[in-house]
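Overview (structure and organization)
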Amino acid sequence: MNAPLVILVEDEEHLAQGLLFNLEAEGYRTRHFADGSEALTYLLETKEDLRAILLDVMLPGKDGFEIVRALREQELYFPVLMLTARSHPEDVLEGLNAGADDYLAKPFDLEILLVRLKSMLRRAAWTQADRLHPLAAVPPPPKLSADLYLFSGRTIQFDTLQLVAPNRTTQLTLMEADLLRYFVDHQGEIVPRKDILEQVWRLHEDTDTRAIDNFIVRLRRYIEDDPSAPRHLLTVRGVGYRFLAQPAP
Ligand code: CA
C-alpha cells in the first residue's frame with residue numbers, strides 16, 4: 001500500500017518547506033502548491049488517492065475559503081484542515097461554514113498538526129470510490145457498533161460519515177459528523193450553544209455564533225422530513241438545541 005498522500009497549499013515558502021520535510025519524515029507522500037488557483041485546478045481534476053488537504057487561508061490566486069467551497073460544491077469531500085491566523089477568529093468560522101473539517105491557528109506546534117492530521121485520517125478512512133462519488137456509492141450493510149446510530153428510519157454511520165435516509169444518502173463533513181455525534185451523545189438533553197462552540201469546535205464562548213445556525217440548517221436538511229418544522233433537532237429559544245431520536249407523536 002502506498003504511503004498516504006497529503007496535499008499542502010501554503011504560500012509561505014519557509015513554513016511550507018518545514019512542513020513538507022516533517023510530513024515526509026512521518027511517512028506521508030506530499031504535493032505542494034503555493035498558488036490557490038493551481039491547487040484548485042489540481043484538486044478538481046486529480047485521480048490521485050489523496051487523503052487530506054492542509055489549506056492556508058490567505059493565498060495568491062484563490063483563497064482557502066474559495067477552494068474548500070468549490071470542492072464541496074462539486075461533492076468532493078477530501079478532509080480539509082484549515083490553517084488560520086490566530087488573530088482572525090472569524091476565519092475559523094468562515095472556514096467551517098465553507099465546509100472545512102478542522103482548523104489549526106497559526107503559529108502552531110508541529111506535533112499538534114501531526115496529531116490532528118492523524119486523527120482526521122482515522123475518522124475519514126472511507127474508500128476513494130465513496131469519497132469521489134458519495135451519492136453513487138452503495139452504502140455497506142449496517143453493522144452494530146459504536147460507529148452506527150439508528151433513529152426514525154435513518155442510519156448514521158460515523159465511521160464512513162454517511163447519513164442514510166429513506167430517499168438519499170448524504171456524505172457528511174467531519175465537522176457535521178462531530179456536531180451530530182455530540183447531539184446523539186446528549187440525546188434528549190438541552191445542548192447550550194456555548195457547549196457546541198467549546199466542546200465540539202474548541203472555540204471560545206464569545207466567538208461570533210452565526211456558524212452554529214448554518215450548521216443546524218444543514219443538519220435539519222439531512223435529518224428532518226420537513227426542515228422548516230423540525231421534530232428531531234429542536235431550537236430551545238435563547239439557550240441552544242435539543243436532539244430527540246423519537247419525537248412525541
Ligand atoms: Ca498565506
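Scroll up for the structure.
This structure is a prediction, so every number in the text was calculated from the model and none was measured.

Of the protein atoms, only Asp11 (OD), Asp56 (OD) and Met58 (O) coordinate the calcium ion, at distances of 2.1 to 2.3 Å. Here the donor residues of the calcium ion are spaced in sequence according to D-x44-D-x1-M. Here Asp11, found in the loop between strand S1 (5-9) and helix H1 (13-25), pairs with Met58, found in the loop between strand S3 (50-56) and helix H3 (64-73); they are 47 residues apart in sequence, far enough to count as distant. A residue is classified by how much of its surface remains accessible, and Asp11, at 31% relative accessible area, is partly exposed. On the basis of relative accessibility, which here comes to 64%, the residue Met58 falls in the exposed class.

Mapping Tyr241 onto the fold places it in strand S12 (residues 240-243). Sequence separation between Tyr241 and Gly188 is 53 residues; the distance between their C-alpha atoms is 9.7 Å.

Attention now goes to helix H8 (residues 193-200). Of the positions making up H8, those classed as buried are Ile196, Leu197 and Val200. Down the axis, H8 shows its buried residues gathered within 115° of arc, on one side only. Where H8 is buried, its residues meet helix H7 (174-185), strand S10 (190-192), helix H9 (210-223) and S12.

Here we take up the sheet that holds S12. Here three strands make up an open sheet; going across it, the order is S10-S12-S11 and the pairing antiparallel. A single partner strand is all that each edge strand has here, and the edge strands are S10 and strand S11 (233-236). Within this sheet the neighbouring strands show an average axis-to-axis angle of 30°, counted without direction. Pairing of S10 with S12, which is carried by three bridges, proceeds in the antiparallel orientation. Counterpart to Val191 in the pairing with S12 is Tyr241. H7 rests against S10, S11 and S12 of the sheet, and its axis sits at about 70° to S12. Most of the contacts of H9 go to S11, to which it runs at about 150°, and overall it touches S11 and S12.

Reading guide: rules and limits
- Residues numbered from 1 in each chain as written.
- Predicted model: local features only at pLDDT ≥ 70, side-chain atom pairs only at ≥ 80, totals over all residues.
- Heavy atoms only, no water.
- Donors = N, O, S within 2.8 Å, 3.2 Å for Na, K, Ca; no water.
- Helix = DSSP H or I, 4+ residues; strand = E, 2+ residues; numbered from the N terminus.
- Buried < 20%, exposed > 50% of the residue type's maximum accessible area, 1.4 Å probe, protein only.
- Arc of directions from axis to C-beta.
- Contact = heavy atoms within 4.5 Å.
- Pairing = 2+ DSSP bridges.
- Axes fitted to C-alpha atoms, helices over the stretch in contact; angles between N-to-C directions.

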